[in-house]
Amino acid sequence: MIRFDKVVKRFGDLTVLRELDFHVRPGERVTLIGPSGSGKTTILRLLMTLERVTSGTIDVDGQCLSHTKRGDRLVPADERHLRRIRKKIGMVFQQFNLFPNMNVLRNITEAPVRSLGVPREQAEEKAHELLEMVGLADKALEHPSRLSGGQQQRVAIARALAMEPEVLLLDEVTSALDPELVSGVQDLLRDIAHRGDLTLLCVTHEMRFAKDISHRVLMFDQGRIVEDGPPEQIFSEPTHQRTREFLQAVL
Ligand code: ADP
């Protein structure tokens, strides 16, 4: 579903990803761990096409993010091509990023109506179902500013799912929450992950959550994967010194 092939990403002189290769199978749930600045968020931003690779290629569901075929020629991806790929991907951010001027219902229906052309009534019906699922059935008409951080993040999760993505990207989704709200949001995500056939790519500093949610954990250090394996192995018998040091610091 996701394939990185020799991906290099530089910001000026800073090389953030160094010839990165990895792939994620359909339905697989993969967590990225590693020290701050090791390039994890950049990977999610590249997938959302919020950033472009310096070199190398990224494919999502067999489609290249940087090029598209015109006849039998490869040409740089245009906005239409990128929009088609973006529709497959949902993202939930650390800071929720809800539209502050729209109520909860509108936050959830806006993208399906505008970018998928779903009739408003149908989008609203679906939004109510999603609000029920995230435990906020009574908040449809509230504005985000009147909700707690945990509630806002639940709306953001509902908003991402409203697009029926094949891939869901989670970027430190509980880092900005008050400690007592963290486990509720994690439980919700665990239910969602285990219920569907979503492909999930998750960046988190919460190792227990990583263990619960993922089939596979990738440990990053300085723009490279230093360890790749099932959570049981990475957390109990890490083979690399760098992973051991990192886990000692965060556990
Ligand atoms: P992580 O998610 O592992 O903490 P990031 O992917 O956020 O790491 O960042 C990796 C490095 O890239 C950091 O040193 C960060 O400062 C740098 N970086 C990220 N985005 C930009 C940008 N738009 N411009 C310049 N540097 C950036």
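Just so it is clear, the structure is predicted and the values come from calculations on it, not from any experiment.

Conventions and cut-offs
- Residues numbered from 1 in each chain as written.
- Predicted model: local features only at pLDDT ≥ 70, side-chain atom pairs only at ≥ 80, totals over all residues.
- Buried ≥ 20, exposed ≤ 12 C-beta atoms within 10 Å, placed from the backbone.
- Helix = DSSP H or I, 4+ residues; strand = E, 2+ residues; numbered from the N terminus.
- Pairing = 2+ DSSP bridges.
- Right-handed = clockwise from strand over helix to strand, strands pointing away.
- Axes fitted to C-alpha atoms, helices over the stretch in contact; angles between N-to-C directions.
- UniProt positions renumbered as here; feature names shortened; annotations may be inferred.

S.K.: I would appreciate a short explanation of the pairing of strand S9 (residues 167–171) in the present structure.
M.R.: Two faces make up the sheet, and in a regular strand the side chains alternate between them. The buried fraction of S9 amounts to 5 of the 5 residues, a majority that puts the element mostly inside the structure. Where burial is concerned, the two faces of S9 agree: the one with Val167, Leu169 and Asp171 and the one with Leu168 and Leu170 are both buried. One ladder, built from 4 bridges, connects strand S8 (residues 89–92) with S9; its direction is parallel. The residue of S9 that forms the bridge with glycine 90 is leucine 168. For S9 and strand S10 (residues 199–203), the ladder comprises 5 bridges, and the chain directions are parallel. Note on S10: the bridge partner recorded for leucine 168 is leucine 200. Once you follow S9 into helix H6 (residues 179–195) and on to S10, the crossover reads as right-handed.

S.K.: Honestly, the sheet that holds strand S3 (residues 29–33) in this entry has me stumped. Any pointers?
M.R.: Sheets are built from strands that pair by backbone hydrogen bonding, the pairs being arranged parallel or antiparallel. Ordered by their spatial adjacency, 6 strands build an open sheet running S8-S9-S10-S3-S11-S12, and the pairing between neighbours is mixed. Pairing within the sheet leaves two strands with one partner each, and these edge strands are S8 and strand S12 (224–229). On average, adjacent strands in this sheet sit at an angle of 20° to one another, irrespective of strand direction. Taken together, the 4 bridges between S3 and strand S11 (residues 216–221) define a ladder with parallel strand orientation. Among the inter-strand pairings, threonine 31 is bridged to a residue of S11, identified as valine 217.

S.K.: Explain the UniProt feature "domain: ABC transporter" (unreviewed entry) in the protein chain here, please?
M.R.: UniProt annotation of "domain: ABC transporter" (unreviewed entry) refers to residues 2–247 when read in the numbering used here. Counted over residues 2–247, helix gives 38% and strand 28%. Its end C-alpha atoms are 26 Å apart.

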